[in-house]
Amino acid sequence: MAEFTLRLRRFDPESGEGAYWEQHTVQLEEHHSVLEGILQAKAHTDGSIGIRCSCRAAICGSCGVRINGEPGLACNTHLDHAREASIQAGSDGVIVVEPMGNMPVIKDLIVDMDAVHWKKIRRVTPWLINRQPVPEREYIVERESMVDVTQTMACIQCGACVSDCLSMEVDPGFIGPAALAKAYRFVGDPRDDQHFERLNDLADDPLGIYDCTHCFKCVQACPKEVNPMGQIMRLRRLAGSDHDIEDPNNGRRHEQAFTTLVRGYGLLHEAELLPRSYGGDSWFGKFHPAAGKELLASLPVVLKGLIRGKVNPKTAAFGHKLPKPALDAVRAIFDRVEGKGHSTRAERHELNLYVTGYDEDEPDGHAHEGAAPTPGRQGDQQ
Amino acid sequence: MKVAYWPGCVSRGFTPELHGSMAKVAPLLDIELVELDRANCCGAGVIAEHNQELADTLNARTFALAQGVDGAQMMMNICSTCQGAQGECQERLDANAEYREHVNETLAGEGLSYEKGLTNKNFLWLLVEEIGLDELSARVKRPLTDLRVGPFYGCYIVRPRHRLGIDASTPRDHYLERVIDALGGTVTEYAGARKCCGFPIITMNKEASLKQAGRHLGDAIEAQADCLVTPCPLCHLNLDMQQPLAEGIVGRKLGMPVLHLPQLVGLALGLKPAELGLGRHIVKPTAVIDWTSAVVASAA
């Protein structure tokens, strides 16, 4: 038995008072969970502590909270790990528990999932749509295509990714990581016959797939390795490459311009990327009215950059290019991987480590010093 | 130490002062830079969004070129985004021998082949793990006394932790604070240090993008930072180059200088602000920080 101190964020809207911190000391085994700590404080000290929970086995997704500032499941976080994380962060070993972010607090550690999370899930039509006649017996589906959607099916709707989403922090209307991962669950399902409609809707919406800021917060937050940001990138890939969906948010144009420029130069030609993202993926893109408007808005900064020698006029105008033999090699890679046109889903070789795992010779610890893949990552949640 | 050096695209395009300052700082730390001048863009996550295998193959090419540098101990980059985007591709390449072989077949045309297990470190990681903070401190000629510095990491170099090799024994997401401290500066804590600068959506949702940049810069002002420091040139674009536009979005005057990591290190190692290209920034650090009393005075 060991002693742990929990610092809980308390808030009761009916009291008329603001939120405040309250400390509780609990006696539990080290491997017990933060949830058990909260429940002991509730049982022994203060029955009014609000916490939502059910299964206590990381299945139901009810007890999403922030522990030492990181989102996670209270039932899936060991007390000793949480204390260690607090000490590592330069704190006093006290375990800080707060309600999740990006959602209104109902009471103490309970947030309003209906107002944000569930509303966004409903936004993506989270059920299978198939207008074809129902087969006489079961649907026959390729095994691979169902394996492909298992990652998104692993979502337990805990809201941890929503809690930490940085796009949502500045743009609360963003459909968000959980709902978009759910959208892939149906876009990736061969039984659903509304793939184009779904993708078109999510690409067209300024708060849809192109509003993700690529911050990896949801990837880090998810206790089930759903990789919501990865699913959003797959939605973008399908919308742009497979369905040729032109969106009003410059999403596809940006991706195309970036890829075309790297094929053409081997390096990124930044000065061309901006006008092409707005005006279209060609040298003439900059003369499109949408690009002109943006260039005009950027003019003061561009001029200042030129005057201060930040931007070399030659680099700005012509970009920087790899020497010819290297550039030819880069272009040969593009041709071999993509063929002449852009590739479709069936032609693309896409490795998903969630499905394939790591080679057996991969050691458990750091494989190499630079960027070390380690299979399984429950410990990351501490 | 000798490293295969990948400067990235932006450090040679819109933030040339980053590439230039790294070249000046390296000899002061006994780092020999062998520039990978035939290597290609990492794709910044955008090419992977378009076609994963294409991004993996392009980066495998860069890794193979790095492995071909005679006597280099590792590959070094100066861009958080390169670190993250390359790390993601390397994770797949290293995880699966069959896939690696498939990718290497494409590289064979150029006579290249990537062998599993490359070490690729951002300058920040190399400073702490290879050079060491004690050694860095010992080389400081002009401690950044009284300079209040806010760290700004960039998403790609702090998340996801397992892929970036961040854990309790390797707290790479706290290295900037340690480096600022080793250089004699004062770490300024503020909310935005590990948040997103907004750059990836600048062309798709400009308001949300610049709201992020503006908010973090504002938070740093509230925390009384003199400047920010970042290992990411793409963050620098949104935080410095776009700062005048961000001011309009968040409706307040900002004027927060943002230094590239090699610039901050260079100042402490005795280089002059002009040599490090500080005058090239949109928000000139020289106009905001009183260098005569804060830094330069202690040079004697």
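A quick note: this is a predicted structure, and the numbers were derived from the prediction, not measured.

K.L.:
Summarise the packing of aromatic side chains; cite the residues concerned and give the values.
P.N.:
In total, this model carries four aromatic pairs over all chains according to the counting rule given. On the numbers, 5.0 Å between centres and 80° between planes, the contact of F216 of chain A with Y156 of chain B is edge-to-face. Residue F216 of chain A is found in the loop between α8 (195–204) and α9 (217–221), and its partner Y156 of chain B is found in the loop between β5 (148–151) and α8 (175–182); the two belong to separate chains. Relative accessible area serves as the criterion here: at 3%, F216 of chain A is assigned to the buried category. By relative accessible area, which is 7% here, Y156 of chain B ends up buried. Seen in terms of ring centroids, F63 of chain B and Y114 of chain B are 5.4 Å apart; in terms of plane orientation they differ by 55°. Their pairing is tilted. In this pair, F63 of chain B is assigned in helix α3 (residues 52–67) and Y114 of chain B in the loop between α5 (97–107) and β4 (120–122), connecting sequence segments 51 residues apart. Across the pair, exposure class does not vary: F63 of chain B and Y114 of chain B are buried alike.

K.L.:
Kindly report on the pattern of salt bridges, identifying the contributing residues and their values.
P.N.:
Counted by the stated rule, this structure contains 49 salt bridges over all chains. The shortest N-O distance in the salt bridge between R66 of chain A and D164 of chain A comes to 3.0 Å. Of this pair, R66 of chain A sits in strand β3 (residues 64–67) while D164 of chain A is found in helix α5 (residues 160–164), placing the two residues 98 residues apart along the sequence. E247 of chain B serves as the salt-bridge partner of K253 of chain B, at 3.3 Å between the closest nitrogen and oxygen. What emerges from the salt-bridge pattern is a single network uniting D148, R234, R237, D242, R348 and E350 of chain A.

K.L.:
If you had to explain the interface of chain B and chain A to someone new, which residues and values would you point to?
P.N.:
Put simply, an interface is often sized by how much accessible area is lost when its parts join up. Taken together, the contact pairs 91 residues of chain B with 81 residues of chain A. Together chain B and chain A conceal approximately 7500 Å² of surface at their shared face, both sides included; 57% is due to carbon and sulfur atoms. When residues of chain B are sorted by the area they lose upon contact with chain A, E49, H50 and M204 of chain B head the list and together hold 10% of the total. The interface formed by chain B and chain A contains seven salt bridges. For R161 of chain B, the salt bridge is made with E70 of chain A, and the minimal N-O distance between the two is 3.8 Å. The tally of links between chain B and chain A comes to 30 residue pairs in polar contact (both at pLDDT 80 or more). Broken down by element, the residue count for the side of chain B that touches chain A peaks at eight residues, all from helix α4 (residues 80–95) of chain B. Classifying every residue of the side of chain B that touches chain A by side-chain character gives 35 nonpolar, 28 polar and 28 charged.

K.L.:
Give a description of empty space enclosed by the protein that names residues and reports values.
P.N.:
Residues and elements named next belong to chain A. Inspection of every chain in the model, using the stated rule, returns seven cavities of 30 Å³ or more. A volume near 110 Å³ is recorded for the largest cavity. For the lining of the largest cavity, the secondary-structure elements that each account for two or more residues are α5 and α7 (177–187). Among the elements that take part in the lining of the largest cavity, α7 stands out by supplying three residues, more than any other. Among the residues forming the lining of the largest cavity, the class breakdown is 13 nonpolar, two polar and one charged. Approximately 90 Å³ is the volume found for the second largest cavity.

Scoring rules and cut-offs
Residues numbered from 1 in each chain as written. Chains lettered and ligands numbered in written order. Predicted model: local features only at pLDDT ≥ 70, side-chain atom pairs only at ≥ 80, totals over all residues. Heavy atoms only, no water. Phe/Tyr/Trp six-rings, centres within 6.5 Å; stacked < 30°, edge-to-face > 60°. Helix = DSSP H or I, 4+ residues; strand = E, 2+ residues; numbered from the N terminus. Buried < 20%, exposed > 50% of the residue type's maximum accessible area, 1.4 Å probe, protein only. Salt bridge = Lys/Arg side-chain N within 4 Å of Asp/Glu carboxyl O. Contact = heavy atoms within 4.5 Å. Buried area = accessible area lost by both parts, 1.4 Å probe. Polar contact = N/O pair within 3.5 Å; in protein donor to acceptor, adjacent residues only side chain to side chain. Nonpolar A, V, L, I, M, F, W, Y, C, P; charged D, E, K, R; others polar. 1 Å grid on protein atoms, 1.4 Å probe; cavity = no way out; pocket = protein on both sides within 12 Å on 5 of 7 lines; lining within 4 Å. Points joined across faces, edges and corners; volume = space filled by probe spheres on them.

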